[in-house]
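Structural overview
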Amino acid sequence: METDLRLESSLWVGNKRYRAVLTGWHLRWTEVDKKDRDKKTISVPVAEVVGVEEGRVEILPQKLVEDKDKEFTVFYVKRSSSGGSFGLLWRLGRTQFSCPSRVLRDQWTKQLRTALKTHSPLRPHRLLVFINPFGGKRKGRKIYHSLVAPLFELAGISSHVIVTEWANQARDHLLKKDLTGFDGVVCVGGDGMFSEILHGLIGRTQQEAGLCENDPAVTLQPCSLHIGIIPAGSTDCVCYATVGVIDPVTSALHIIIGDSQPLDVCSVHHASALVRYSVSLVGYGFYGDVLAESEKHRWMGPLRYDYSGAMVYLSNRSYAGIIQYLPADPMISTPRDKTRCLSGCSVCSRSTERLFPHSSDSASLYSSHFSQFSSDSEGEWQSVEGRFKCVSLTCMSSSCPRSPLGLSPSAHLADGTGDLILVWDTHPLGFLKFLHRHTSTQDQFDLPFVEVHRVKAIRFLLPSSDKAEEAYEEIMGQGHGRAEEERGYQETVNRSSSQQHLAEKSTGREMTNEQKTASPFLCGLCCSKSPSVSVWNCDGEILPFTEILCRIHGQLVRLYARGIEDSTNIHDCSEQHDKCERRCILNK
Ligand SMILES: Nc1ncnc2c1ncn2[C@@H]1O[C@H](COP(=O)(O)OP(=O)(O)OP(=O)(O)O)[C@@H](O)[C@H]1O
Ligand SMILES: CCCCCCCCCCCCC/C=C/[C@@H](O)[C@H](CO)NC(=O)CCCCC
Ligand SMILES: [Ca+2]
């Protein structure tokens, strides 16, 4: 194949002559008429070519085509350091080549297009795009139409765009409407919008496979449609943790070239029913309280989390609980092994084999049962009981601008495990130290009151004394909302097990007034009694239940991303790529 596609000739770029070579994998051009030591080769992997056009072409601010005769333009991914973030910014690179003849020009464009087809099998042709016009700073529509749509057009992608008019419209569309012909679904918004797509796609896939999402023991079927995220929210944690930067153009380019990043998903259950799915955080105590408090201050925008964080910190609360967890195999990786899950992560690649041992045998892939989590030889259920400042479970690092290394810096995107972080009750200054370490490279787990475990499942129970107290609070009014909600949910489950009903109930965005009243945050500085139970924060949504069971489903969805590229490894070794011992980004 390599030899079939090889094309080599002299080409001009401006007034300089180049020797250009197209092999199956790379397009390279080297300036001739230069002394050997000054010769520089530009090398673009075919997989990162965005498009090839006849003529001298510009696409922004609008498409302009000149000299269609002997010229062609190649658009490709160009990297630059992002300044603040760990990942790399991607930009659209463009080089206009002149050929000595039209015949040669046609040969170049034809061969480049053939190479693209051969080496980028996952490039999308047709995408379903949902834009949340109200996410973040309400710039979703502008971001899509000015920055993303022209790139999709250049790459020959056709998109069906839906600007949402109400919450959960995207989720319901994915659950019910015809999705034939689409290669992927793109959301333009924040983590909440991503969560809608996640619920819609997972639900639809299980419906079609005839699998019951409520049963935590069922091995769910991975979704076939890819998800692309164009960040336009106030929190874009999933984008940051899977791409390394929050930048619409970078994300659009990952979508165009058909990058594929599998992602673990956690299912949260209560009383034999699915409550929600999560990828970034299932958090009780501090993170639950911050979310509950922040809901009262939505008008502050993204700043509400900082304000609420400070308020909740000052209230100095801790909560009793029993946590049971099923450890993952510590021989594979641990949350304290100081590694980072970066693009091409070997732990995640090996996990694919482990998670899907007979990937060609689809029957065994999708019908096996988790048998109440006990058939694995990797560990027995463990149990701890006590008072905690917070209990968090994350399927990935959950890095975000607020915390560039994330909740668990060594967690993996696609290893089929999650990290359980237990912060025992401690002095306020100790807890502040823990929180502050999230903002630096200092190890937040290296503190005597912090434990972290790599797990496959967890259960959270209230001690019986708190159950009684919670019941009392419910009777007296404070917890009324939650009791109602819980009963209502159970009735829904009993009455009808329809997925739509369940999803409606569990992913409803708006908190009811009762739920708002039930929000457990009371300022410790001014209130005499604080509640004994917190709420769960599930990827930015408050869960209506306290006692839950969570199970990690390895690589349940795929994103148009490739994980974080290590910016310290950006170098060009195109001339001696075979001998290069560093992880090359440019010359894969
Ligand atoms: N047209 C719409 N009207 C109201 N809500 C919508 C609409 N479309 C989507 N939503 C909901 O808005 C929520 C927040 O959206 P998104 O995540 O895009 O923005 P965000 O600003 O990051 O969110 P948040 O403020 O919750 O952090 C999502 O949960 C989604 O369900
Ligand atoms: C003294 C300095 C203290 C600084 C503390 C920094 C700690 C930062 C940890 C950040 C963890 C983010 C986890 C991701 C959560 C998202 O799924 C969710 C939806 O977008 N966001 C929130 O719930 C928003 C919740 C935000 C909580 C802070
Ligand atoms: Ca994981």
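As the structure is a computational prediction, the values presented were derived from the model and not from experiment.

Analysis parameters
- Residues numbered from 1 in each chain as written.
- Chains lettered and ligands numbered in written order.
- Predicted model: local features only at pLDDT ≥ 70, side-chain atom pairs only at ≥ 80, totals over all residues.
- Heavy atoms only, no water.
- Helix = DSSP H or I, 4+ residues; strand = E, 2+ residues; numbered from the N terminus.
- Buried < 20%, exposed > 50% of the residue type's maximum accessible area, 1.4 Å probe, protein only.
- Contact = heavy atoms within 4.5 Å.
- Areas by Shrake-Rupley, 256 points an atom, 1.4 Å probe, with all protein chains shown as cover.
- UniProt positions renumbered as here; feature names shortened; annotations may be inferred.
- Pairing = 2+ DSSP bridges.
- Core = buried A, V, L, I, M, F, W, Y, C linked by side-chain atoms within 4.5 Å.
- Domains from an automatic or database assignment.
- Donors = N, O, S within 2.8 Å, 3.2 Å for Na, K, Ca; no water.
- Buried area = accessible area lost by both parts, 1.4 Å probe.
- Salt bridge = Lys/Arg side-chain N within 4 Å of Asp/Glu carboxyl O.
- Near = heavy atom within 4 Å.
- Polar contact = N/O pair within 3.5 Å; in protein donor to acceptor, adjacent residues only side chain to side chain.
- Nonpolar A, V, L, I, M, F, W, Y, C, P; charged D, E, K, R; others polar.
- Phe/Tyr/Trp six-rings, centres within 6.5 Å; stacked < 30°, edge-to-face > 60°.
- Lys NZ or Arg CZ within 6 Å of the ring centre and 35° of its normal.

**Side note on the overall build of the chain**
Tallying secondary structure elements over the chain gives 16 helices and 23 strands in all. Evaluated residue by residue, the chain yields a buried proportion of 57% over its 588 residues. Across the chain, contacts joining residues at least 24 apart in sequence account for 74% of those joining residues at least 6 apart. On the chain, roughly 25400 Å² of surface is accessible, and the fraction owed to carbon and sulfur atoms is 52%.

**What about the environment of Lys-177?**
Inspection of the secondary structure puts Lys-177 in the loop between α4 (169-176) and β12 (184-189). Lys-177 gets classed as partly exposed once you look at its relative accessible area, which sits at 48%. For the pair Lys-177 and Arg-204, spaced 27 residues apart in sequence, the C-alpha separation works out to 9.6 Å. In contact with Lys-177, other than residues within four places in its own chain, are Asp-172 and Arg-204.

**Side note on the UniProt feature "domain: DAGKc" (unreviewed entry) in the chain**
Using the residue numbers shown here, the UniProt feature "domain: DAGKc" (unreviewed entry) corresponds to residues 122-272. Split by type, residues 122-272 is 38% helix and 23% strand. Its first and last C-alpha atoms lie 37 Å apart.

**Points about the pairing of strand β4 (residues 41-45)**
A regular strand places its side chains on the two faces of the sheet in alternate fashion. The buried fraction of β4 is high, at 4 of 5 residues. Two elements, strand β3 (residues 26-31) and β4, share 5 bridges in a ladder whose sense is antiparallel. Bridge pairing in β4 places Leu-27 opposite Val-44.

**Comments concerning the nonpolar core**
Among the nonpolar cores identified, the biggest contains 45 residues, and Phe-130, Phe-194, Ile-197 and Leu-263 are the most heavily contacted of them. For this core, the element with the most residues is helix α5 (residues 191-209), which contributes 6 residues. The two domains that each donate at least three residues to this core are domain 2 (122-258) and domain 3 (266-356 + 380-486 + 512-552). With sequence-adjacent residues up to four places away left out, Phe-130 is seen in contact with Ile-162, Thr-164, Ala-170, His-173, Leu-174, Val-185, Val-186, Cys-187, Val-188, Met-193 and Ile-197.

**Some details on the coordination of the calcium ion (ligand 3)**
At 2.3 to 2.5 Å from the calcium ion (ligand 3) lie its protein donor atoms, namely Asp-264 (OD), Cys-395 (O), His-412 (O), Asp-415 (OD) and Thr-417 (O). When the donor residues of the calcium ion (ligand 3) are listed from N- to C-terminus, their spacing reads D-x130-C-x16-H-x2-D-x1-T. Of this pair, Asp-264 sits in strand β14 (residues 261-270) while Cys-395 sits in the loop between β18 (382-394) and β19 (418-424); the two residues are 131 residues apart in sequence, bridging distant segments of the chain. Residue Asp-264 is classed as buried on the basis of its relative accessible area, which comes to 0%. What makes Cys-395 buried here is its relative accessible area of 3%.

**Quick word on the domain arrangement of the chain**
Along its sequence, the chain is carved into domain 1 (2-120), domain 2 (122-258) and domain 3 (266-356 + 380-486 + 512-552). Centre-to-centre separation of domain 1 and domain 2, based on C-alpha positions: 30 Å. Summed over both partners, the interface of domain 1 with domain 2 buries about 1600 Å², with 67% contributed by carbon and sulfur atoms. It is Val-50, Trp-90 and Ser-120 that lose the most area in domain 1 upon contact with domain 2, and together they represent 37% of the buried surface on that side. The interface formed by domain 1 and domain 2 includes 1 salt bridge.

**Quick word on the site of ligand 2**
Around ligand 2, 17 residues are found, and the nearest of them are Asp-191, Thr-235, Ser-280, Asn-537 and Asp-539. One nitrogen or oxygen atom from the side chain of Ser-280 is found 2.6 Å from an oxygen atom belonging to ligand 2. For ligand 2, an oxygen atom lies 2.9 Å from a polar atom in the side chain of Asn-537. Burial of ligand 2 by the surrounding chains reaches 86%, relative to a free accessible area of 690 Å². When the residues that make up the shell around ligand 2 are grouped by side-chain class, the tally is 8 nonpolar, 7 polar and 2 charged. Residue-level mapping places the shell around ligand 2 at the junction of two domains, with at least three residues from each of domain 2 (122-258) and domain 3 (266-356 + 380-486 + 512-552).

**Section: the packing of aromatic side chains**
Counted under the stated rule, the structure contains 13 aromatic pairs. Plain terms: the ring middles of Tyr-284 and Tyr-319 are 5.7 Å apart, the flat faces sit at 65° to each other, and that makes the pair edge-to-face. Taken together, the positions of Tyr-284 in strand β16 (residues 282-285) and Tyr-319 in strand β17 (residues 319-327) put the pair 35 residues apart, joining distant regions of the chain. Like Tyr-319, Tyr-284 is buried. Aromatic ring contacts, followed pair by pair, group Trp-29, Phe-72, Tyr-76, Phe-97 and Trp-108 into a single cluster. When the ring centre of Phe-431 is taken as reference, the NZ or CZ atom of Lys-389 above it lies at 5.2 Å.

**What to know about the pairing of β14**
Most of β14 is tucked away: 10 of the 10 residues are buried. Both faces of β14 are covered, namely the face carrying Gln-261, Leu-263, Val-265, Ser-267 and His-269 and the face carrying Pro-262, Asp-264, Cys-266, Val-268 and His-270. Bridge count between β14 and strand β15 (residues 273-278): 5 bridges; the pairing is antiparallel. Opposite Val-268, over in β15, you have Arg-276 as the bridge partner. Between β14 and β15, which pair antiparallel and follow one another directly, the connecting turn spans 2 residues, one of which, Ala-271, has a positive phi of 45°.

**Focus: the side chain of Gln-169**
With respect to the helices and strands, Gln-169 occurs in helix α4. The class for Gln-169 is buried, based on a relative accessible area of 13%. The residues touching Gln-169, leaving out its near neighbours within four places in the chain, are Ile-162, Val-163, Thr-164 and Glu-196.

**A closer look at unusual backbone geometry**
Phi at Arg-138 takes a positive value of approximately 60°, unusual for a residue other than glycine. Structurally, the position occupied by Arg-138 is in the loop between β10 (126-131) and α3 (140-154). Even without being glycine, Asn-316 reaches a positive phi, approximately 50°. Structurally, Asn-316 can be placed in the loop between α9 (303-315) and β17.

**A short note on the pattern of salt bridges**
By the definition in use, this model includes 23 salt bridges. For Asp-306, the salt bridge goes to Arg-402, with nearest N and O atoms at 3.3 Å. Separated by 96 residues along the polypeptide, Asp-306 in helix α9 and Arg-402 in the loop between β18 and β19 bring together distant segments of the chain. One continuous salt-bridge network, built from bridges that share partners, spans Glu-48, Arg-79, Asp-259, Arg-562 and Glu-565.

**Observations concerning helix α8 (residues 286-295)**
Burial analysis of α8 places 9 of its 10 residues in the buried class, which makes it a mostly covered element. Within α8, burial applies to Phe-286, Tyr-287, Gly-288, Asp-289, Val-290, Leu-291, Ala-292, Glu-293 and Ser-294.

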